[in-house]
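# Coordinate analysis (summary)
What follows is the residue order along each chain.
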Amino acid sequence: MRWAAFSCLLVPVVLVVYGTSFGGAAVATLGLFAVTAACRTLLRRSEEAGRSLARVPAEDRLPAGARGRHSRAGAGNRRGCGASGPLSPHD
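As a starting point, this report considers the structure included with it. Remember, predicted model here, so these are calculated numbers, not experimental data. The residue numbers shown here count from 1 along each chain, following its written sequence. In view of the model being predicted, local features appear only for residues whose pLDDT reaches at least 70, and side-chain atom pairs are presented and counted only at 80 or more, with totals across whole chains, interfaces and linings using the full set of residues. Processing note: side-chain calculations cover all non-hydrogen atoms of the structure and skip hydrogens and water entirely.

What follows is about the overall build of the protein. Secondary structure follows DSSP: runs of H or I at least 4 residues long count as helices, runs of E at least 2 residues long count as strands, and numbering of each begins at the N terminus. When you go through the protein residue by residue, the secondary structure sums to two helices and zero strands. Taken over 91 residues, the protein has a buried fraction of 5%. The Shrake-Rupley method, run with a 1.4 Å probe sphere, supplies the accessible areas, and residue values consider only the shown protein chains as cover. Looking at the protein as shown, the accessible area adds up to about 8,200 Å², and 62% of this sits on carbon and sulfur atoms. Three exposure classes are used, based on accessible area relative to the maximum for each residue type with a 1.4 Å probe and protein chains only: buried under 20%, partly exposed in between, and exposed over 50%.

Below is the structure:
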C-alpha cells in the first residue's frame, strides 16, 4: 500500500509538470484515491475470507470424492447418460 500512497502523490505532480491544470490534476488525484481505496477494501475482504476458510477444521470440509469436477454430485450426472430408465428401441 506504500506504492499506492506514493502514486497518489506522484501522479498529480507529474500531471502539473507536464502542463495539466491544477483542477485537472486534483480530479485525477481524487479518482486515483477512490480507486486505491476500493482496491484496498476488496483486498482486505479477500484476505479475511481466506483466513476464515483456513480456520475450518479438516473434518468439517467435504471429502475429496464428494463433489465432481464441475461441482455436481450424484450418480445421475454421468456423461452420455441421457436417461436413467431402460433402453428404448432407438438407443
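This part takes up the pattern of salt bridges. Salt bridges are defined by distance alone: a side-chain nitrogen of Lys or Arg within 4 Å of a carboxyl oxygen of Asp or Glu. Counted under the stated rule, the structure contains one salt bridge. Taking the shortest distance from any N to any O, the salt bridge between arginine 51 and glutamate 47 comes out at 3.9 Å. Taken together, the residues span about one helical turn, with arginine 51 and glutamate 47 both in helix α2 (residues 22–54) at a distance of four residues. Glutamate 47 sits in the partly exposed class, given a relative accessible area of 38%.

Our next topic: the packing of helix α1 (residues 2–17) against α2. With their axes 9 Å apart at the nearest point, α1 and α2 run at an angle of 160° to one another. The orientation of α1 relative to α2 falls into the category roughly antiparallel. Classified by chirality, the crossing of α2 by α1 is right-handed. On α2, the residues that touch Ala4, Ser7, Cys8, Val11, Pro12, Leu15 and Val16 of α1 are Phe22, Ala25, Ala28, Thr29, Leu32, Phe33 and Thr36. Across the contact of α1 with α2, the residue classes break down as 11 nonpolar, three polar and no charged. All axes are obtained by fitting lines to C-alpha atoms, using only the stretch in contact for helices, and the reported angles, taken between N-to-C directions, cover 0 to 180 degrees. Any angle that is under 35 degrees is reported as roughly parallel, and any over 145 degrees as roughly antiparallel; angles of 65 to 115 degrees are reported as roughly perpendicular and all others as oblique. Helix crossings fall into two classes, left-handed where the near helix is turned counterclockwise from the far one by less than a right angle and right-handed where it is turned clockwise. Residue contacts are counted whenever heavy atoms from the two residues lie within 4.5 Å of one another. Classification convention: Asp, Glu, Lys, Arg as charged; Ala, Val, Leu, Ile, Met, Phe, Trp, Tyr, Cys, Pro as nonpolar; all other residues, Gly among them, as polar.

Attention shifts here to a nonpolar patch on the surface. A cluster of nonpolar side chains, namely Trp3, Phe6, Leu10, Val13, Val14, Val17 and Tyr18, defines an oily patch on the protein surface of about 830 Å² accessible area. By secondary structure assignment, the location of leucine 10 is in helix α1. The exposure class of leucine 10 is partly exposed, given its relative accessible area of 38%. Only residues above 30% relative accessible area that lack a salt bridge enter a patch, with like-charged residues linked at up to 9 Å and the nonpolar side chains Val, Leu, Ile, Met, Phe, Trp and Tyr linked at up to 5 Å.

This next bit is on α1. To estimate how far a helix should reach, multiply one less than its number of residues by 1.5 Å. Spanning 16 residues, α1 covers 23 Å between terminal C-alpha atoms, matching the ideal 22 Å at 1.5 Å per step. Here α1 has its buried residues at Ala4, Cys8 and Pro12. Contacts made by the buried residues of α1 are with α2. Glycine 19 lies just past α1 and shows a positive phi near 105°.

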